[in-house]
There are 6 protein chains.
Amino acid sequence: MRITRRETFNAAHRLFRPEWDDSKNLEVFGKCSNPKWHGHNYTLYVTVEGKVDPHTGFVLNLKTLSKIIATFVVDKLDHKNINLEVDFMNGRLASTENLATGIWEQLEGPVRELGAALYCVKLVETENNYVEYFGNDPA
Amino acid sequence: MRITRRETFNAAHRLFRPEWDDSKNLEVFGKCSNPKWHGHNYTLYVTVEGKVDPHTGFVLNLKTLSKIIATFVVDKLDHKNINLEVDFMNGRLASTENLATGIWEQLEGPVRELGAALYCVKLVETENNYVEYFGNDPA
Amino acid sequence: MRITRRETFNAAHRLFRPEWDDSKNLEVFGKCSNPKWHGHNYTLYVTVEGKVDPHTGFVLNLKTLSKIIATFVVDKLDHKNINLEVDFMNGRLASTENLATGIWEQLEGPVRELGAALYCVKLVETENNYVEYFGNDPA
Amino acid sequence: MRITRRETFNAAHRLFRPEWDDSKNLEVFGKCSNPKWHGHNYTLYVTVEGKVDPHTGFVLNLKTLSKIIATFVVDKLDHKNINLEVDFMNGRLASTENLATGIWEQLEGPVRELGAALYCVKLVETENNYVEYFGNDPA
Amino acid sequence: MRITRRETFNAAHRLFRPEWDDSKNLEVFGKCSNPKWHGHNYTLYVTVEGKVDPHTGFVLNLKTLSKIIATFVVDKLDHKNINLEVDFMNGRLASTENLATGIWEQLEGPVRELGAALYCVKLVETENNYVEYFGNDPA
Amino acid sequence: MRITRRETFNAAHRLFRPEWDDSKNLEVFGKCSNPKWHGHNYTLYVTVEGKVDPHTGFVLNLKTLSKIIATFVVDKLDHKNINLEVDFMNGRLASTENLATGIWEQLEGPVRELGAALYCVKLVETENNYVEYFGNDPA
């Protein structure tokens, strides 16, 4: 059984490599490299897998899951600059892929302590693109 | 090849254990335990897996699948009280997880008779949470 | 300038007239008259009209508007039985139209105190139907 | 007859008054005043009113309208910092209300040259709030 | 009080004037003039205005409204070719504007017989464009 | 890591077998067999699986992926008749299943040349049905 919680946050970011100059960054990342930032309404789907507890009928309590996502992810990202202000993105390119990986690392332990397993972090950046991370990528 | 049919139904329910008093139920289930009920617009996605029939280009006829879902699931749930009026939920806590399991049990046989295999029952309770059941949970 | 805040709540209800028996209620209201209740995920859009304050760039502060909607509307309706537990629906048939009227009456004064004017209450009951009330109906 | 074109853009912004210090801005604008910016996926609906041309069956050609919106609005806003990089927002607080007003001013003339009248600029900032501007506010 | 019913239908169409050749039609209507047709999932919102009946709490019964829309509009359009098979579009360019006008003409009388007034026909052709017709355009 | 790009196209089609007469086609395919065509707004989700490139933070560049989908899929389908005008659907029944298979075959090679693997083609025909193809069906 898998259960999914949706959360949203708004943030600014920029795609660039600090060792490249603006024109090289523009070539690789296009307008996403704008040095003055841009931003998104991100939608996050956290999917957890586990057995149904026969006493509650729940895999886990969604209120608890939502609080954990707030503490470890949303409070750190919402209305923030992903490149400058988010501890777990420090030193990482602020791509959707890397952000999903960072969110996975934030949530994997806390979800395990609830007695379930993190199954998927899906992060929607725009209506036209999203990434899904299942934790099996050592990159 | 997997094919998915979406259906909707509206129902009332309440999360509670009859052997617990109201305050214990409130502690575990929060406002979802309200003794006077609350309700949802549920969205159901039934995903079926099978080979494409070369004569029709279909895994199965969606009209037939829709009728089966109506007969075994939607007609029993729509505008009903899940705790009091739904035979296949009798004696079960009316959580989204248990409801998805019940829907799976209702559909697995009839879908097999159509020559395909039920792959997933996805049940969306609110815009912020849904469950997916793949039939492999003995709970 | 009009500004709109979206809120959601889940509730149980039933359409019926107490002076009619179940078969008459069934004839007029169909399955919406089920004596054991059913329910919905309601989506509420509150639209307010006013001048833009040159100091803030706002018609009004949406956080304040959201708190007012919570206090006067959502906290009274969410996870409740509209027929039995909502003071401002007391003695009223729990149709979407009457609920929108009741919500208007709850919000009109508090919005005026914020220095703006309530323009429209839009209440979405299912993906297939919604009502809009503009406060000009004496019924 | 009214016809509406939807467009999207992503941008960074910040709500603040330069003559106020950070703590005063925080008090009034909350986390939207973050000095390191945040951002949104904005959705813009441009509604135009006019007669249907009997030769084309159109109020106006939507491809032409879309190009005008691109030139005067979207190209100036997409992947930009609204506070720092958008000429028509120069000296204006970057609220949704002011942005809608600015977009109206950008489009009113070009739409009139197409033989139609700009009726409404609707700007959706998040799934929970949007503004509508009809051009009749002298502020 | 306004109440809106949403319905959907799928149809093929083509934008062209029979007195123009293919290259002239292509110049004016672009790929929408493809002689071999293309098609859409149309979404139709029918908004009706009226007083709330104190006995039912309804402006009108949505099931009745839905049946009227089915009889006069959806059954004639669904899985049809708008240019070739829809009586009320005979001799009319199959633009979204003209289709909305035709739908208005189909529904105005029957809605009046229900004791309410047709207020708006909104027709969504793609996620990026829709028209709204209020019946006041003599074209 | 999986990354998904959404694209849309509008097309006409008809479900039928040329060796069957209209009444046999009507019996099997219902109104989808209408000889004068009908059509849809199709939504296509292309999911690609791969490692995250540490230099870019990307599985692959979405702009490149979008161009490949345009060249091999969308430009061939948009505003076209699937039965008559789409080379890769030649001789195939225009069902959603077969169209998803055709799109997979179009994209598998070009995606591999980008250094990633096509994981899933999801094709949404209406809000109530979609298919997913993972390339493992030899039909």
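Residues numbered from 1 in each chain as written. Chains lettered and ligands numbered in written order. Predicted model: local features only at pLDDT ≥ 70, side-chain atom pairs only at ≥ 80, totals over all residues. Heavy atoms only, no water.

S.K.: Explanation requested: the packing of helix α2 (residues 62–77) of chain C against helix α4 (residues 96–113) of chain C in the structure shown.
M.R.: For any two helices packed against each other, one specifies the crossing angle of their axes together with the interaxial distance. All names here are of chain C. One can describe the packing of α2 onto α4 by two numbers: an axis separation of 10 Å at closest approach and a directional angle of 145°. Considering only the axes of α2 and α4, their crossing is right-handed. Here Leu65, Ile68, Ile69, Phe72, Val73, Lys76 and Leu77 of α2 come into contact with α4, specifically with Leu99, Ile103, Gln106, Leu107, Pro110 and Val111. Residues of the contact of α2 with α4, tallied by class, amount to 11 nonpolar, one polar and one charged. (Axes fitted to C-alpha atoms, helices over the stretch in contact; angles between N-to-C directions. Helix = DSSP H or I, 4+ residues; strand = E, 2+ residues; numbered from the N terminus. Left-handed = near helix turned anticlockwise from the far one by under 90°. Contact = heavy atoms within 4.5 Å. Nonpolar A, V, L, I, M, F, W, Y, C, P; charged D, E, K, R; others polar.)

S.K.: Teacher, can you tell me more about the interface of chain A and chain D here?
M.R.: Each side of the interface is counted separately: chain A has 23 residues, and chain D has 23 residues. For the pair chain A and chain D, the summed buried surface comes to about 1800 Å²; carbon and sulfur atoms form 48% of the total. When residues of chain A are sorted by the area they lose upon contact with chain D, Lys36(A), Asn41(A) and His79(A) head the list and together hold 31% of the total. At the boundary of chain A and chain D, one finds four salt bridges. Ionic pairing is found between Asp78(D) and Lys31(A), a salt bridge with its closest N-O pair at 2.6 Å. (Buried area = accessible area lost by both parts, 1.4 Å probe. Salt bridge = Lys/Arg side-chain N within 4 Å of Asp/Glu carboxyl O.)

S.K.: Sorry if this is basic, but what is going on with the relation of the copies chain A and chain D here?
M.R.: There are two copies of the chain, and a rotation about an axis plus a shift along that axis relates them. Rotating chain A by 180° and moving it 0.0 Å along the rotation axis overlays it on chain D with an RMSD of 0.0 Å. Those values place the two copies in the arrangement expected of a two-fold rotation axis. Looking at chain A, 100% of its interface residues are interface residues in chain D too, so the copies touch through the same face. (Least-squares fit on C-alpha atoms with pLDDT ≥ 70 in both.)

S.K.: Would you take a moment to explain the relation of the copies chain A and chain B for this structure?
M.R.: Overlaying chain A on chain B yields an RMSD of 0.0 Å, the required transformation being a rotation through 120° with an accompanying axial translation of 0.0 Å. Such a turn and shift between the copies fits a three-fold axis.

S.K.: Can you walk me through the packing of aromatic side chains in this structure?
M.R.: Geometrically, a pair of aromatic rings is defined through the distance of the ring centres and the angle of the planes. Under the counting rule described, the total for this entry stands at 30 aromatic pairs over all chains. Each ring, one from Trp104(D) and one from Tyr133(D), has its centre 5.5 Å from the other, and the planes form 80°; the classification is edge-to-face. Of this pair, Trp104(D) sits in helix α4 (residues 96–113) while Tyr133(D) sits in strand β5 (residues 129–133); the two residues are 29 residues apart in sequence, bridging distant segments of the chain. Here Tyr119(F) and Phe134(F) contribute two aromatic rings whose centre-to-centre distance is 5.5 Å and whose plane-to-plane angle is 75°, an arrangement assigned as edge-to-face. (Phe/Tyr/Trp six-rings, centres within 6.5 Å; stacked < 30°, edge-to-face > 60°.)

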